[in-house]
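Structure at a glance
The residues making up each chain are set out below.
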Amino acid sequence: MQKRTLLAAMALTPLLGACGFRLRGAPNFVFRSIYVQAGRGAPVGTLLRRSLESASDQLTVVKDPASPDTAEVICQIISEQAQRVIIGSNVAGQVREIELRLIVRFSLRTPGGDGLIEPVEIRQIRNVTYNETNALSKAAEEEMLNKDMRNDIVQQIIRRLGAVKSMQVS
């Protein structure tokens, strides 16, 4: 039985390449330097800087806030909102379910002010069950989910930056 499963898996493996499947590689950026403009201590901005530094050897992340115009493009994190909304409670009014939301607005422009990516909003939402007897573990779970949402948004921003095909404003 195990031999059949192994043989079937080996026979189907070449078909994955035929369907267009391939691992997502490192993004190719049309610009060589970028400045990430974010509020002081903004978690998404900090994470985006770190991720861009490790994303490509050809990309330079300008860190000096006094000279953002030295970069070819400026990625501006316009706003970052973390929300915690109660969406479920029991008959006694005790919280049973919470919705965590992270909303980030960003844009990409040249130092001259030409918009390459107009302001766009990215949302991430996670639902968490809640039990007051496990409040400490639920707080840790919420923090882990918030971190996961930030990582997802940063990866989406990087993919959108990689999708810019020309430095010309369309």
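Further up the page is the structure itself.
Description of the structure in this document. Source: prediction; values computed, not measured.

For Glu142, the location among the structural elements is in helix α3 (residues 135–162). On the accessibility criterion, Glu142 (10% relative accessible area) is buried. Once the C-alpha coordinates of Glu142 and Arg84 are considered, the two residues, 58 residues apart in sequence, prove to be 9.5 Å apart.

Moving on: the packing of helix α2 (residues 43–55) against α3. Running from N to C, α2 and α3 point in directions that differ by 55°, and their axes come no closer than 10 Å. With respect to α3, the axis of α2 lies oblique. Considering how the two elements wind past one another, α2 and α3 form a crossing that is right-handed. Every residue of α3 that contacts α2 at Pro43, Val44, Leu47, Leu48, Ser51 and Leu52 is listed here: Arg150, Asn151, Ile153, Val154, Gln155, Ile157, Ile158 and Leu161.

With that out of the way, let us pick up the side chain of Ser51. On the secondary structure map, Ser51 appears in helix α2. For Ser51, the residues in contact, after removing those within four places along its chain, are Val154, Gln155 and Ile158.

If you walk across this open sheet you meet the five strands as β2-β1-β3-β4-β5, and the pairing is mixed. This sheet does not close on itself; its edge strands, each paired only once, are β2 (60–62) and β5 (115–129). Pairs of neighbouring strands in the sheet enclose a mean axial angle of 25°, with direction left out of account. Sheet topology places strand β3 (residues 73–89) next to strand β4 (residues 95–109); 14 bridges connect them, and they run antiparallel. Looking at β4, one finds that Gln81 is bridged to Ile103. Across the face of the sheet, α2 comes into contact with β1 (33–37), β2, β3 and β4 while running at roughly 130° to β3.

Bringing α2 into the picture now. When the terminal C-alpha atoms of α2 are compared, their 18 Å separation across 13 residues agrees well with the 18 Å that a helix rising 1.5 Å per residue should span. All of the buried residues in α2 are Val44, Gly45, Leu48, Ser51, Leu52 and Ala55. Buried residues along α2 cover an arc of 130° about the axis, so they all sit on one side. Opposite the packed face of α2, turned more than 90 degrees from it, sit the exposed residues Arg50 and Ser54.

Rules used in this analysis
- Residues numbered from 1 in each chain as written.
- Predicted model: local features only at pLDDT ≥ 70, side-chain atom pairs only at ≥ 80, totals over all residues.
- Heavy atoms only, no water.
- Helix = DSSP H or I, 4+ residues; strand = E, 2+ residues; numbered from the N terminus.
- Buried < 20%, exposed > 50% of the residue type's maximum accessible area, 1.4 Å probe, protein only.
- Axes fitted to C-alpha atoms, helices over the stretch in contact; angles between N-to-C directions.
- Parallel < 35°, antiparallel > 145°, perpendicular 65-115°, else oblique.
- Left-handed = near helix turned anticlockwise from the far one by under 90°.
- Contact = heavy atoms within 4.5 Å.
- Pairing = 2+ DSSP bridges.
- Expected span 1.5 Å × (residues − 1).
- Arc of directions from axis to C-beta.

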